[in-house]
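Here is what each chain is made of, one letter per residue.
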Amino acid sequence: MKLRYSTRLAFSLFVTTAVAGVLSAPAFAEPVGWNASDWELEDSEFEPESGWHFGRLENGLRYIVRRNDRPENTALVRMDIAAGSLDERSEERGYAHYVEHMAFNGSTNVPEGEVIKLLERLGLAFGADTNASTSFDYTQYKLDLPRADEELLDTALMLMRETASELDFDEAAVQREKGVILAERRVRNGYALKNTVDSLEFAYPGALIGERLPIGTAEMLEAADAAALRAFWEREYVPSDTVIVVVGDFDPALVEAKITEHFGSWRAAPSPEQPAAGPIDPDYRGTTDIYLDPALTETITLARHDAYVDRPDTRAERRAALLRQVATGALSRRLQRLQRSEDPPFRGVSFSTSDLFEAGRTTSLGVASEEGRWREALDVAVEEYRRALAHGFSEGEIAEQLANIRTGLENAVANAATRSNAALAGQALAVARGDFVPTAPADALARFETVAAEATPAEVLAALRAESIALDEPLIRFSGKTAPEGGEAALRTAVEAAFARPVAPPQDMAAAEFAYTDFGTAGEVVEDSRTAALDIRTIRFANGVMLNLKPTDLADDRVTVRFNIDGGQMLASRADPLAVELTGLYTAGGLGRHSRDELQSILAGRSVGAGFGAGDETFAGGATTTPRDLELQLQLMAAYLTDPGYRAEGLGPWQRSLADFFARLGRTPESALGEGLGPLLSDQDPRFTRQPLEAYRALDYEQLSATIGERLANGAIEIALVGDFDEEEAIRMVAQTFGALPPREPAFRAYEGESRERSFTERRETVTLTHGGEPDQALLRMVWPTADDSDWARTSRLTLLARVMRLALTEKLREELGQTYSPSVDSSPSDIYRDYGTFSLGASVDVAQLDAAQAAMEDTVRTMIADGPDTDLVERARQPVLEGLENRLKTNGGWMGLVARAQSEPENIDRFLAARDRQLAITPEQLRSLAAEYLDPAQAVRIRVVPEAGAGE
């Protein structure tokens, strides 16, 4: 069995921020088949909670099984192979990922090209339900089963076994797939990947990880052949390095028997040792790097390395991990507070100490600044970091962190019986990789309370100091658009000066109480009924507020809340296209009596949220809360509606990011298309065209308030609750908040005229756009006008036609020609603009393949018009749609799509209930006729996105 490494990558702090770890605690119930030595977790003092089934076959293959019914009658199957890019030899760079691709290209019992088709016939959509991924140290194969039936489980395990030991590696198939893999590499080979590569090479010179990115090198991929790939696969894919995970609505005994049946005959083989990701030199210090690209945000990162620390999974270590989590959380909170000011010193900041597998540890402090302000950003970040190490944290800061952690654990306990398949599969994979033992949520909470009761500021500070590597003579990496004046010497001097300044103790922050608990006399219910279908309770209060309720047992202790208020993008116009642009920052301005930052402290330990944005026709917001916090959640939403703060600090970070955002526009083919497509199709309609930078800089809260204030005060409101709640209590809570507001319009406005008009250009030609990315990257798009979605049958046919065309285009471009990584097909009939809709085909290709790819796309369209799809193609496209409809109401999110507008748009319920019959009624001839009606190649707008002169230099 290959030694598994933790996949926490310290280098990520050179390009992004880190996330906190997870606290767990011991369980006392016995799992089935648990043997810690099978999972390299002998040093753990814990055992998994009951419900898990573990096993090991005679050939060394291991498995983890758990019965679970959320979503009901579904399952997840995973195969984890302890072989990734670190296992590649110098001449095999990219082979782990290449082998992953070949899993779908023929095996002993499944011919080339049939794997995906087989799964589609069973209702699994490629990408959504059928996928795989390659990392540095493992390759994972994923199948999401839409039905938990024995036949489907057999098929899934059969395909996993085919991948593990029966692949063909036909030379012709290898060469065809080569184009797809090179296309994937080409698509990813932009400024972000190049920045990552440089950060690795600088941070870890000579380390293997910098030479083993999973995507590989173009030279190695070009040279790959069937024999070389087979050699890698035979060496690395062995039973003892393979783990099968099945979580879902199956009897565990059945699953264990099926795993034995399908994998028991796989011959055992030696497990090769996985090379270390290093070496990492703890004495590597005092070096500076400057990396420039026109698309990069100005960022400066300080780092130091140290030796890896092996921490056994003991109670003492989990206690120490909690204290470290509190300390880093408190420091991050201080930095966040600074970032939220009206004139923030930095755009982003991160601090962390993490492992690079088992090769070493890295402490990093990274800060992103507005262009030219790196020195100020550095000074503030270093000062706050040093203040924390010198003076520690207050009781209040620690209490805030503990409250948030406690709430997460309490919520996990309450939701334990209805955890999702995905959450449990994640825990199983953590065991498979030797990361930690998943214990019962109740035990984790009990362990936390013991530690929280004893935690002192001194202990938290000691934990931070023990974890952090001193940033003496740090590595300094600067990335951005232009080099800092004075170059490397100036950077080093600035860092030294920042560390030389004295730091004062932190100022205590006064605690406050939430000020919005009384909204007046509770509203009176004047209408109370239930929908004939789906039993959704619909309420109307005397003030006109609508409330829709759907209790479910799908997720214990979870309540999803959503509201819609009349307005949204309907308030934008050709004369004022940015009228509601700032709506997404509405809550960042805080409340009249509390700033956003104060709210975060006041609401610590409470499961509430404050999302708000402008939809097509409404202002909408939502959150997922718990029954015990539902009242507070409604109070918070009502407070934002009635007393928004509009504090200028809410716009500070956004305003400072504008120049950087505009600098990135057009730096990739996708960005260039995104900027050019709207104005092209709409003939420069300002509502669908990017406005100048200065227009965004001119926006402020005063303008936003003037635009949306009247709608927030008077527009129709519809509130929806789905999940684990008591109906009468929910009605009482809404009556005391939204129901207590002044009278409002009883219905959503129809909005006529310009608001419902969107034109499609009369141009029928090839338009060329340019991008500033790599010189070999190009993109094709063909777009046709269609219709709006008022005709349900037509919309369903267009939906299915899009799926049929995607399968056909994938087979043409990817499987036959190897020209693109992921072709796209989309049907978008509008429910906003009358008589407006689009149908599009797209592909990312090599710039040298533009003509061939366009010819292939047009040939696919002409064939569809002339011959139509065959029955098998239609069924492969339709079956995942049917499975999606069958499973839609197995989650609260699926229900919310129907409950949210159950009073104002009741037709959505009928539309959903009839969707399956509409899909089943569609024939191949109807799809051929629809293609002939809408997809005439001569009527398409063709867009080519090509490199601009000097791109990639």
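Analysis parameters
- Throughout this description, residue numbers start from 1 for each chain and increase along the sequence as written.
- Per-residue local features are limited, in this predicted model, to residues with pLDDT of at least 70; the limit for side-chain atom pairs, both in listing and counting, is 80 or more; totals at the level of whole chains, interfaces and linings are taken over all residues.
- Where side-chain values are given, they derive from all heavy atoms of the structure, hydrogens and water being excluded.
- Note on pairing: two strands pair once DSSP finds at least 2 bridges between them.
- The way it works is that DSSP assigns letters per residue, a run of H or I at least four long becomes a helix, a run of E at least two long becomes a strand, and they are numbered from the N terminus.
- Only C-alpha atoms enter the line fits that serve as axes; for helices the fit covers just the stretch in contact. Angles between N-to-C directions range over 0 to 180 degrees.
- Burial here depends on accessible area, computed with a 1.4 Å probe over protein chains only, as a share of the maximum for the residue type. Under 20% is buried, over 50% is exposed, and the range in between is partly exposed.
- Points on a 1 Å grid, built from protein atoms alone, make a cavity when a 1.4 Å probe fits but cannot get out and make a pocket when they are open with protein on both sides within 12 Å along at least 5 of 7 lines; residues with an atom within 4 Å of a point are the lining residues.
- Grid points are joined across faces, edges and corners, and a volume is the space filled by probe spheres set on the points.
- Amino acids outside the nonpolar list (Ala, Val, Leu, Ile, Met, Phe, Trp, Tyr, Cys, Pro) and the charged list (Asp, Glu, Lys, Arg) are all regarded as polar, and Gly is one of them.
- Contact between two residues is taken to exist if any of their heavy atoms lie within 4.5 Å; hydrogens are not considered.
- UniProt positions are given in the numbering used here, feature names are shortened, and annotations may be inferred rather than shown by experiment.
- Each angle gets one of four labels, with under 35 degrees taken as roughly parallel, over 145 as roughly antiparallel, 65 to 115 as roughly perpendicular, and the rest as oblique.
- Helices are assigned an expected span. That span is 1.5 Å times one less than the residue count.
- In this scheme, the bend at a residue equals the angle between the axes fitted to the seven residues that finish there and the seven that begin there.
- In protein, a polar contact requires one atom able to donate a hydrogen and another able to accept it; more generally it is a pair of N or O atoms within 3.5 Å, and residues adjacent in sequence count only if both atoms are side-chain atoms.

## Considering the sheet that holds strand β1 (residues 52–56)
Link 1 in the chain: A sheet is described by the order of its strands in space; here 6 strands give the open sequence β1-β2-β6-β3-β5-β4, paired in mixed fashion. In the strand order of this sheet, the two ends are held by β1 and β4 (130–134), each with one partner. Adjacent strand axes in the sheet meet at a mean angle of 15°, parallel and antiparallel pairs treated alike.
Link 2 in the chain: Bridge count between strand β3 (residues 75–81) and strand β6 (residues 242–248): 7 bridges; the pairing is antiparallel. Paired with Val77 across the bridge in β6 is Val246.

## Considering unusual backbone geometry
Link 1 in the chain: Looking along the chain, the bond that leaves Arg70 and enters Pro71 is cis, with omega of 0°.
Link 2 in the chain: On the secondary structure map, Pro71 appears in the loop between β2 (62–67) and β3.
Link 3 in the chain: The omega torsion of the bond from Gly278 to Pro279 falls at 10°, within 30 degrees of zero and hence cis.
Link 4 in the chain: Positive phi is not limited to glycine here, since Glu40 has a value of about 55°.
Link 5 in the chain: Locating Glu40 in the fold gives a position in the segment before β1.
Link 6 in the chain: Classification of Glu40 by relative accessible area gives partly exposed; the value is 23%.
Link 7 in the chain: Even without being a glycine, Phe169 presents a positive backbone phi close to 55°.
Link 8 in the chain: For Phe169, the position within the fold is in the loop between α3 (150–165) and α4 (171–188).
Link 9 in the chain: For Phe169, a relative accessible area of 5% puts it in the buried group.

## Comments concerning empty space enclosed by the protein
Link 1 in the chain: In the structure shown here, the tally under the stated rule is 3 cavities of 30 Å³ or more.
Link 2 in the chain: Of the volumes computed, that of the largest cavity is approximately 130 Å³.
Link 3 in the chain: If you trace the largest cavity, you find 15 residues lining it, with Ala103, Phe104, Val115, Leu159 and Thr163 closest to the centre.
Link 4 in the chain: It is α3 that contributes the most residues to the lining of the largest cavity, 4 residues altogether.
Link 5 in the chain: For the lining of the largest cavity, a count of residues per class yields 9 nonpolar, 4 polar and 2 charged.
Link 6 in the chain: Its boundaries defined by the atoms lining it, the second largest cavity holds a volume of some 80 Å³.
Link 7 in the chain: Lining the second largest cavity are Phe563, Tyr586, Thr587, Gly609, Ala610, Gly611, Phe612, Met637, Tyr640 and Leu641.
Link 8 in the chain: Considering every element that reaches the lining of the second largest cavity, the biggest residue donor is helix α17 (residues 630–642), with 3 residues.

## Some remarks on the sheet that holds strand β14 (residues 546–551)
Link 1 in the chain: Read from one edge of the open sheet, 7 strands run β12-β13-β14-β18-β15-β17-β16, paired in mixed fashion. Either end of the sheet is taken by a strand with one partner, and the two such strands are β12 (525–530) and β16 (613–614).
Link 2 in the chain: Sheet topology note: the strand β15 (residues 559–566)/strand β17 (residues 618–625) ladder contains 8 bridges and is antiparallel. Considered in β17, the bridge of Phe563 is made with Gly621.
Link 3 in the chain: Each of β15, β17 and β18 (717–723) touches α17; the most contacted strand, β15, lies at about 20° to it.

## Regarding the UniProt feature "domain: Peptidase M16 C-terminal" (unreviewed entry) in the protein chain
Link 1 in the chain: Sequence positions flagged by UniProt for "domain: Peptidase M16 C-terminal" (unreviewed entry) are, in local numbering, residues 225–403 and 699–879.
Link 2 in the chain: Annotated as 42% helix and 22% strand, the span residues 225–403 places its first and last C-alpha atoms 56 Å apart.

## Re the packing of helix α10 (residues 374–391) against helix α14 (residues 457–467)
Link 1 in the chain: Viewed as axis vectors pointing N to C, α10 and α14 meet at an angle of 120°, and their least axial separation amounts to 8 Å. With respect to each other, α10 and α14 are oriented oblique. Contact residues: α10 offers Ala388, Leu389, Ala390 and His391, while α14 offers Leu461, Leu464 and Arg465.
Link 2 in the chain: For the contact of α10 with α14, a count of residues per class yields 5 nonpolar, 1 polar and 1 charged.

## Overview of helix α21 (residues 701–714)
Link 1 in the chain: Between the first and last C-alpha of α21 there are 19 Å, a value that for 14 residues agrees with the 20 Å anticipated at 1.5 Å per step.
Link 2 in the chain: Of all the bends in α21, the greatest, near 45°, is centred on Ile708.
Link 3 in the chain: For α21, the set of buried residues is Tyr701, Gln703, Leu704, Ile708, Arg711 and Leu712.
Link 4 in the chain: Looking at the buried side of α21, the elements it contacts are β15, β17 and α17.
Link 5 in the chain: Where α21 begins, the side chain of Asp700 points an oxygen toward the backbone nitrogen of Glu702, at a separation of 3.2 Å.

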